[in-house]
Amino acid sequence: MKESSTLGLYLHIPFCRSKCDYCDFYSVAGQDGRMDDYQRALLGHIAETGPRTKNQVVNSVYIGGGTPTWYGERRIRGLLIAIKKQFKLSKDVEITMEANPDSVDLKSLCRLRRAGVNRISFGMQSACYEELKAVHRPHTFEQVRQAVAVARKAKIRNLSLDLIYGLPGQGMESWKQSVEAALALEPEHLSCYGLTVEEDTPLARRVEQGEILPDDDEQAERYLWTVERLAMAGYEQYEVSNFARRGFQSRHNLRYWMGQPYVGLGASAHSDFGDCRYSFVRDVDSYIQGVLEGGELLAEKEHIPHRERGSEYLMLRLRTTHGIEEWEYRREYYMNFDPIAAKLAEYEQRGWAGRSGQRWHFTPEGFLLSNRLIGELLDLQEASTLANTLERLKAGLGAPESAVSQNTVP
């Protein structure tokens, strides 16, 4: 099946037991009384959206949040029943559910597995109690261990753990201990993220008040050690922060990085579908009203010019070890690759990029600088496209196809 004929589906569950100090995703604590109305809105949105995707097969479903397991097994099963009814699912569809270790039990996971959930992502973050407590994570590492055991007993064979390096009070040794503790649980997938201080979060306010966090050099040291350690343990890096055993890459997240279409449903959910990118209101009450009462539902909507897709190709695929390829780029976006190839060759000399066959990709050292390096490549792309456009206009040929929006309203 061609990737262009497949679709990813994301459902956002914004409810949490409590908010973590670093979290910038849209989530709410203390609003459990709105869960039933939110469920009615989501079910209505699923019923409305499914028929619009009848020509595409959904091969990945991701239920994220928030804390979907806090939302309740019964509601999640209801959503999955509706999805199976309204969308065309592939036989091997990957259905992922995010979960906090303190909010799962054997009975609920068995029911969810029978309903279709075949992949779970646990937010472990650290094996150190003091580090978890420092950012108000609502669980202990012992609960992580118990949750993994329960998931295995429920016959869920695809399990991912999230870890964060750079947490308050974390040192290199405690980070190593967390990684080793995660490896001992034998997950199929690991996501290892550097802590980012997001605006308007409790952690940002703590930093403003003088709290000191591990600096960039310390984070870089932990990152490079992690890449090497996980490779030794049999986990292949396939994206800046993601590692998997062979055959267990996250199908849904790869859709984002490979520029493939996806539809998001729920408060603050984003979509990229039908040459259009859009998102829904970042508020539970407004989302419910928008779906059930015909209120304003969209927060943003824009058509994506073909030229911008060329920029996204560079920006997103260079986050992956799959990387980019000259003729793929020329064929899809009608753009000159020569300036980009020259710059990548320069990066190669400095140990920041490498080649696998005809494909260019960043090295782990390059990933650490990827924001800067991708910015430089995008500047080169813009300059090359502008120069080409001016040459064509002088020759009376008109602007190249890549400089013209070719999109239609979906």
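Residues numbered from 1 in each chain as written. Predicted model: local features only at pLDDT ≥ 70, side-chain atom pairs only at ≥ 80, totals over all residues. Heavy atoms only, no water.

Attention shifts here to the overall build of the protein. When you go through the protein residue by residue, the secondary structure sums to 16 helices and 17 strands. At 22 Å, the protein has a C-alpha radius of gyration in line with the 22 Å of a compact globule built from 410 residues. By principal-axis analysis of the C-alpha atoms, the protein measures approximately 70 × 55 × 45 Å. Considering only intrachain contacts with a sequence separation of at least 6, the fraction spanning at least 24 residues in the protein is 70%. Of the roughly 19200 Å² that the protein leaves accessible, carbon and sulfur atoms contribute 49%. For the protein, the centre of its 51 positive side-chain charges and the centre of its 57 negative side-chain charges are spaced 9 Å apart. (Helix = DSSP H or I, 4+ residues; strand = E, 2+ residues; numbered from the N terminus. Rg over C-alpha atoms; globule rule 2.2 N^0.38 Å. Contact = heavy atoms within 4.5 Å. Areas by Shrake-Rupley, 256 points an atom, 1.4 Å probe, with all protein chains shown as cover. Lys, Arg positive; Asp, Glu negative; His and termini not counted. Charge placed at Lys NZ, Arg CZ, Asp CG, Glu CD.)

Further remarks concern the environment of Tyr-26. Within the secondary structure, Tyr-26 sits in the loop between β2 (15-16) and β3 (28-29). Its relative accessible area of 11% is what places Tyr-26 among the buried residues. Residues Tyr-26 and Pro-14, spaced 12 residues apart in sequence, show a C-alpha to C-alpha distance of 6.2 Å. Residues within four places of Tyr-26 in sequence aside, it is in contact with His-12, Pro-14, Gly-66, Ala-267, Ser-268, Arg-282, Asp-283 and Val-284. Polar side-chain contacts of Tyr-26 include one of 2.9 Å to the backbone nitrogen of Val-284. (Buried < 20%, exposed > 50% of the residue type's maximum accessible area, 1.4 Å probe, protein only. Polar contact = N/O pair within 3.5 Å; in protein donor to acceptor, adjacent residues only side chain to side chain.)

Let us look at the pairing of strand β9 (residues 236-239). Alignment of β9 against strand β10 (residues 242-244), held across 3 bridges, turns out to be antiparallel. Residue pairing in the sheet places Glu-236 in a bridge with Ala-244 of β10. (Pairing = 2+ DSSP bridges.)

In total, this model carries 17 aromatic pairs according to the counting rule given. Plain terms: the ring middles of Tyr-10 and Tyr-62 are 6.1 Å apart, the flat faces sit at 25 degrees to each other, and that makes the pair stacked. Of this pair, Tyr-10 sits in strand β1 (residues 6-13) while Tyr-62 sits in strand β4 (residues 57-65), and the two are 52 residues apart along the sequence. By the burial criterion, Tyr-10 is buried, and Tyr-62 matches it. Measuring from centroid to centroid gives 6.4 Å for Tyr-347 and Phe-362, while their planes differ by 55 degrees, and the two rings are tilted. Remark: Phe-362 occurs in strand β17 (residues 359-362) and Tyr-347 occurs in helix α14 (residues 338-349); sequence separation between them is 15 residues. The buried category is assigned to Tyr-347, whose relative accessible area is 1%. We classify Phe-362 as buried; its relative accessible area is 2%. When the ring centre of Tyr-71 is taken as origin, the NZ or CZ atom of Arg-75, which lies over that ring, is 5.5 Å away. (Phe/Tyr/Trp six-rings, centres within 6.5 Å; stacked < 30°, edge-to-face > 60°. Lys NZ or Arg CZ within 6 Å of the ring centre and 35° of its normal.)

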